[in-house]
Amino acid sequence: MSSYNSAAIEEFKGGVWVFCEQRQGTMMSTSFELISEGRKLADELGSKLYGVLLGDNVEGLAKELGGYGADGVYVCQDALLKDYTTGGYTKAICDLVHEYKPEVLLIGATNIGRDLGPRLAARLHTGLCADCTHLDIDVPKYKDFLRASSTLAPAAIDSIKEGDRNLKMTRPAFGGHLMATIICPRFRPAMATVRPGVMKKAAFDQAKADACEIIKPNFTLTADDVQTEVVEVVKAAKKMVDLIGADVVVSVGRGISKDVETGIKLAEELAEVLGGVVGASRAVVDSGWMSADHQVGQTGKTVHPKIYVALGISGAIQHKAGMQDSECIIAVNKNETAPIFEIADYGICGDLFKVVPQLIEAIKAA
Ligand code: FAD
C-alpha cells in the first residue's frame, strides 16, 4: 500500500488510463465510450492513452480499443481474473498503477465500476469523483480557490504548482439541482467513474486498431487476493431494453395514468413504427408500471438518440439530465406550460391518448 502526496504526483506521467470492462469475453460499450473520451483528455494533457483489460483469454479484445483511440492496452490475463471479483481486480490494477503511474484513471459507472472504483481509490490513497457526466482538462487558478474555501494548511497549498493541469470532473449533486465541478489537485491518479451512455463513441479506425500496442505487464495474484469465488453467472431471464444504443426512444410519463395499459401499448406501437424502444420517467417506474431498466434520467439511463419522444412527461430536471442531448426531441403534453416544451424541437399540446394514435396512423401512411 502506498500513498502519494503533492511532491510525488510529479512522477505520475504514465498517461490517461481507461479500465475496459468486459463480461464473459464481450466488451461493454462504455469501454469504447471512455476510450473515445480519454483520447481527447490525453491529447489535451499531451500524454498517451491506455486501456486496462483484465480477464482470462481476453487479449483478442484489445486491438479493437485501439480503433477508438487507445495508444496501447495493458492486458492482464489470469484464470483468477476470469470473472470480476473486487479483490482480484483491485490487486492487479494496483500493481499496474504502482508500476506505471497513470495521471488519470477512468472507469465506467456500471455495477462493476461502482464497486471497483472506490476500492481502488481507497487502496491507492487517492480521490474518486463518482458518476461523472462531463470531463475536461483544467488549468485552474485553484490556489486562490483553495485558500478561500478549503481547510488545507497554507504550506500544503503553496506546494501545489500553479498551472498544473488537472482532470476537471463534473457530476450532478443535490438531486440534480446543481452540477458540481471537482478537481483532485494533490493526489494521483485522478479517478472518475463515468455514467454509461454519456460520452460519445468515436468512429472506429482500423489503422489505429492495427497500430495499438499490446502490453503484458507484471502483476502478482494469488487466491488469497481474490477472496471470493464466482460460482455461477446467471443471466437475467428477461431481455433488458437497450435504451443507450437506440436511435429512437419513445418514453412515457405519469401522463398515462388514466389508462396505463393503453398508454404503454400506444408507446410500444409508436416505438415500433419508428424502429425504436420504449423508455419511461421515474414516476412510471416508481409506480411499478414499467421495470427500472426503462428509466431515463439522472438515476436512470442517459440517452442521446436521433429522436426522443416524451409522452405525458413534465420535463423535470432529473429527467432532462438523461435525455436533453437527444438530436431531436418531440414532446406531447396536455399542459402548454410543461417544462419539457422548453427543450423540445417539436411540441404537441394535447391529450396523448388522442395524439399518439394519429401519429401512428400518419407514420404508417407516409
Ligand atoms: P409528472 O411530473 O407528474 O408529469 C406528468 C405530465 O403528464 C404532466 O406534465 C402532465 O401535464 C402530463 N399529462 C397528464 N395527462 C396527460 C395526457 N393525457 N396527455 C398528455 N400529457 C398528459 N425522474 C426521471 O424521470 N428520471 C430520473 O432518473 C429521476 N431521478 C431522480 C433523482 C432524484 C434524486 C430525484 C429527487 C428525482 C428524480 N426523478 C427522476 C423524478 C423527477 O423529479 C420527476 O418527479 C419525474 O421525472 C416526473 O415524472 P413525469 O414527468 O412522468 O410525471
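For the structure itself, look to the data block above.
The paragraphs below set out a description of the structure included in this document. Everything numeric in this text was worked out from a predicted model, so none of it was measured. (Residues numbered from 1 in each chain as written. Predicted model: local features only at pLDDT ≥ 70, side-chain atom pairs only at ≥ 80, totals over all residues. Heavy atoms only, no water.)

### A look at the packing of aromatic side chains
Let me state the cut-off plainly: Side-chain rings of Phe, Tyr and Trp, where Trp is taken by its six-membered ring, are said to pair if the distance between their centres is within 6.5 Å; with planes under 30 degrees apart they count as stacked, over 60 as edge-to-face, and otherwise as tilted. The secondary structure listing takes helices from DSSP runs of H or I that are at least 4 residues long and strands from runs of E that are at least 2 residues long, numbered from the N terminus. When accessible area is computed with a 1.4 Å probe and restricted to protein chains, residues below 20% of their type maximum are described as buried, those above 50% as exposed, and intermediate ones as partly exposed.
Evaluated as defined, the whole model comprises seven aromatic pairs. Consider the rings of Trp 17 and Tyr 74, whose centres lie 5.0 Å apart with planes at 45°: the pair is tilted. Note that Trp 17 is positioned in strand E1 (residues 16-20) and Tyr 74 in strand E5 (residues 72-77), a separation of 57 residues in sequence. Residue class for Tyr 74 comes out buried when judged on its relative accessible area of 5%. Ring centres of Tyr 84 and Tyr 89 lie 5.0 Å apart, and the angle between their planes is 75°; this geometry places the pair in the edge-to-face category.

### Some points on the environment of Gln 24
Tracing the chain through its elements places Gln 24 in the loop between strand E2 (22-23) and strand E3 (26-27). The exposure class of Gln 24 is partly exposed, given its relative accessible area of 47%.

### With respect to the side chain of Arg 188
Cut-off, in case you're wondering: For the purpose of counting charges, residues Lys and Arg are taken to be positive, whereas Asp and Glu are taken to be negative. His and the chain ends are not included. Should a side-chain nitrogen of Lys or Arg be within 4 Å of a carboxyl oxygen of Asp or Glu, the pair is scored as a salt bridge. Polar contact is defined as a pair of N or O atoms within 3.5 Å, subject to the rule that within protein one atom must be able to donate a hydrogen and the other to accept it, and that residues adjacent in sequence are counted only when both atoms are side-chain atoms.
Counting through the fold element by element, Arg 188 comes out in the loop between strand E10 (178-183) and strand E11 (190-194). Buried charge without a partner: Arg 188 forms no salt bridge, and the closest opposite charge is Glu 103, 5.4 Å away. A distance of 3.0 Å separates a polar atom in the side chain of Arg 188 from a polar atom in the side chain of Asn 166. At 2.9 Å, the side chain of Arg 188 and the backbone oxygen of Cys 184 are in polar contact.

### Quick notes on the sheet that holds strand E9 (residues 166-173)
Quick reminder of the rule: Strand pairing is assigned whenever DSSP identifies at least 2 bridges connecting the two strands. Note on method: axes are straight lines fitted to C-alpha atoms, helices fitted across the in-contact stretch only, with angles between N-to-C directions ranging 0 to 180 degrees. Here, residues are in contact when the closest pair of their heavy atoms is within 4.5 Å.
Spatially, three strands are ordered E8-E9-E10 in an open sheet, and the strand pairing comes out antiparallel. The open sheet has two edge strands with one neighbour each: strand E8 (134-138) and E10. Averaged over all pairs of adjacent strands, the angle between their axes in this sheet comes to 30°, without regard to strand direction. Taken together, the six bridges between E9 and E10 define a ladder with antiparallel strand orientation. Bridge pairing in E10 links Met 169 to Ile 182. Docked against the sheet, helix H1 (residues 29-45) engages E8 and E9, running at close to 5° with respect to E8.

### Section: the side chain of His 319
Position of His 319 relative to the elements: it lies in helix H11 (residues 317-320). Take His 319: its relative accessible area is 6%, and that puts it in the buried class. At a separation of 3.3 Å, a polar atom in the side chain of His 319 contacts the main-chain carbonyl oxygen of Val 296. If we skip the residues at most four places from it in the chain, His 319 touches Ala 280, Ser 281, Val 296, Gly 297, Tyr 308 and Ile 313.

### Overview of the sheet that holds strand E12 (residues 213-215)
An order of E7-E11-E6-E1-E4-E5-E12 is seen for the seven strands of this open sheet, with the pairing classed as parallel. Here the strands that pair on one side only, and so sit at the sheet edges, are strand E7 (128-132) and E12. Going from strand to strand, the sheet's axes swing by 25° on average, the running direction of each strand aside. When strand E6 (residues 104-108) meets E11, the two strands line up parallel, connected through five bridges. By the bridge assignment, Ile 107 is partnered in E11 with Thr 193.

### Considerations on the nonpolar core
Threshold: Only buried residues count toward a nonpolar core. Its members are Ala, Val, Leu, Ile, Met, Phe, Trp, Tyr and Cys residues joined through side-chain atoms within 4.5 Å.
Ile 35, Leu 65, Val 73, Leu 106, Leu 135, Leu 167 and Met 169 are the most contacted members of the largest nonpolar core, which totals 35 residues. Counting residues per element, this core draws most heavily on H1, which supplies six residues. Ala 92, Cys 94, Leu 105 and Leu 124 belong to the second-largest nonpolar core, a separate cluster that totals 27 residues.

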